[in-house]
Amino acid sequence: AVPDRNTAGQGAGDVFGYTLIAQDGMARRGRIVTAHGAIDTPAFMPVGTAGTVKGLTPEQVAATGAQILLGNTYHLMLRPGAERVDRLGGLHRFMNWPAPILTDSGGFQVMSLAALRKLDDDGVTFRSHLDGSKIRLTPERSIEIQHLLDATITMCFDECTPFPATYDQAASSMRLSMRWAGRSRTAFVERPGYALFGIVQGGVHADLRAESVARLAEIGFEGYAVGGLAVGEGFDLMCQTLDVTTPLLPRNRPRYLMGVGRPQDLVAAVRRGIDMFDCVMPTRSGRTGQAFTRRGTVNIRNARHADDPRPLDEACGCPACTQYSRAYLHHLHKSGEILGAVLLTQHNLWYYQDLMRDMRNAISTGGMDAFTQAFEAGLAEGDL
Ligand SMILES: N#Cc1ccc(CCNc2nc3cc4nc(N)[nH]c(=O)c4cc3[nH]2)cc1
Ligand SMILES: [Zn+2]
């Protein structure tokens, strides 16, 4: 069932806090306490862009093991509107998810979704991709919207530096985001159990990343996100950038890598000290028929599955793998049946949560190297 608000996180103090429980190399196991419940890290946040994890009820999302969801300022401000969600009791009530919610601050979505966007030192002006209406987003308005949504974790309003970018472009973009981080901090209304996270920028340049971390740590945040990645730089540059960034972040605060990623990205980033992730991949690709399994990805629309009575992944405990055959899942996707999207979404999120749980356990037992070898061997084996 959906975590009950009366038990989820209510209790002593209700202050926001991160506890480091175990380390294995740079990998960390921890626990975050918030006003809306606790989060075991490393954690994966399913994306619920417009107040729903597409195709699933909150009960189904909770059953996958998810403890926190991501929502988007950009989408919710356009529809149904932040003031309306506030009037209806906030996003937790509105979408019936009483556990923690992290909301992204809107800048990334403006640059990737909106039409005719204009960036200046004070904020961004853009036209809604829904009805073309002209809209202004500033650090102050973004923080206000996230407050109206009653987000458990609010993200600073930043500019995600595009890739590729010259050194000078990355430097001025990062410095703009750092000015906006200061304005975000000032605009944020402190509440016990709620948090504001800073976002590190700086492109793929180690000195700019270090300057960004120093500036954010000087302002002080309850958590630190690594932004400006998963923007086309590729796996190696992402890992190289993490190598020069995460060691500089405060050890007693959660670290959140935005927009990442594939299972192999999650393993590599956990090994480099990341605690939190969000990505649309397991949900979006699930709807298109792509399943993530211990043996790599499986496209259920491929004809080879049409007569296959086996489950997608015999090691998986999800509804799709325990109750249906590949043949049936293949049929549903080829027929465009809604159930096909639902079952593969459940499976992918279940797999992602199992991956995070297995890494949490591996970190507690000093087994991250063994886990990584087994994980990579499974991918190399490929689907049978
Ligand atoms: N399917 C699929 C699929 C589609 C897109 C992506 C890339 C997502 N990457 C990404 N999201 C981000 C959000 C972000 N939000 C903020 N506020 N700032 C960022 O620098 C930022 C960087 C991001 N990088 C990954 C998978
Ligand atoms: Zn499954």
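Residues numbered from 1 in each chain as written. Chains lettered and ligands numbered in written order. Predicted model: local features only at pLDDT ≥ 70, side-chain atom pairs only at ≥ 80, totals over all residues. Heavy atoms only, no water.

Focus: empty space enclosed by the protein
Here the idea is plain: a probe the size of a water molecule rolls over the atoms and shows the empty space left.
In step 1: Going through the model one piece at a time under the given rule, you end up with three cavities of 30 Å³ or more.
In step 2: In this model, the largest cavity occupies a volume close to 40 Å³.
In step 3: The wall of the largest cavity is formed by I39, D40, A43, F44, G65, A66, Q67, I68, Q353 and R360.
In step 4: Mapped by element, the contributors of at least two residues to the lining of the largest cavity are β3 (37-41), β4 (43-45) and α14 (338-364).
In step 5: Looking at the lining of the largest cavity, its residues break down into five nonpolar, three polar and two charged. (1 Å grid on protein atoms, 1.4 Å probe; cavity = no way out; pocket = protein on both sides within 12 Å on 5 of 7 lines; lining within 4 Å. Points joined across faces, edges and corners; volume = space filled by probe spheres on them. Helix = DSSP H or I, 4+ residues; strand = E, 2+ residues; numbered from the N terminus. Nonpolar A, V, L, I, M, F, W, Y, C, P; charged D, E, K, R; others polar.)

A few points about unusual backbone geometry
In step 1: Here F163 and P164 are connected by a cis peptide whose omega angle stands at -5°.
In step 2: By the secondary structure assignment, P164 is in the loop between β10 (153-155) and α7 (167-187).
In step 3: Of the consecutive residues V260 and G261, the connecting peptide bond is found in the cis state with omega at 5°.
In step 4: Tracing the backbone shows G261 in the loop between β13 (255-257) and α10 (263-270).
In step 5: Of note, the phi angle at N96 is positive, near 60°, even though the residue is not glycine.
In step 6: Within the secondary structure, N96 sits in the loop between α4 (91-95) and β6 (101-104).
In step 7: Its relative accessible area of 30% is what places N96 among the partly exposed residues.
In step 8: Phi is positive for A230, which is not a glycine, with a value near 55°.
In step 9: Inspection of the secondary structure assignment puts A230 in the loop between β12 (223-226) and α9 (235-245).
In step 10: A residue is classified by how much of its surface remains accessible, and A230, at 39% relative accessible area, is partly exposed. (Buried < 20%, exposed > 50% of the residue type's maximum accessible area, 1.4 Å probe, protein only.)

So, the environment of M368
In step 1: With respect to the secondary-structure elements, M368 resides in helix α15 (residues 368-381).
In step 2: Given a relative accessible area of 1%, M368 falls into the buried group.
In step 3: In the structure, M368 is positioned 343 residues away from G25 in sequence and 8.3 Å away in space, judged by C-alpha atoms.
In step 4: Other than its neighbours up to four places away in sequence, M368 contacts D24, A27, V270, R271, M359, A362 and I363. (Contact = heavy atoms within 4.5 Å.)

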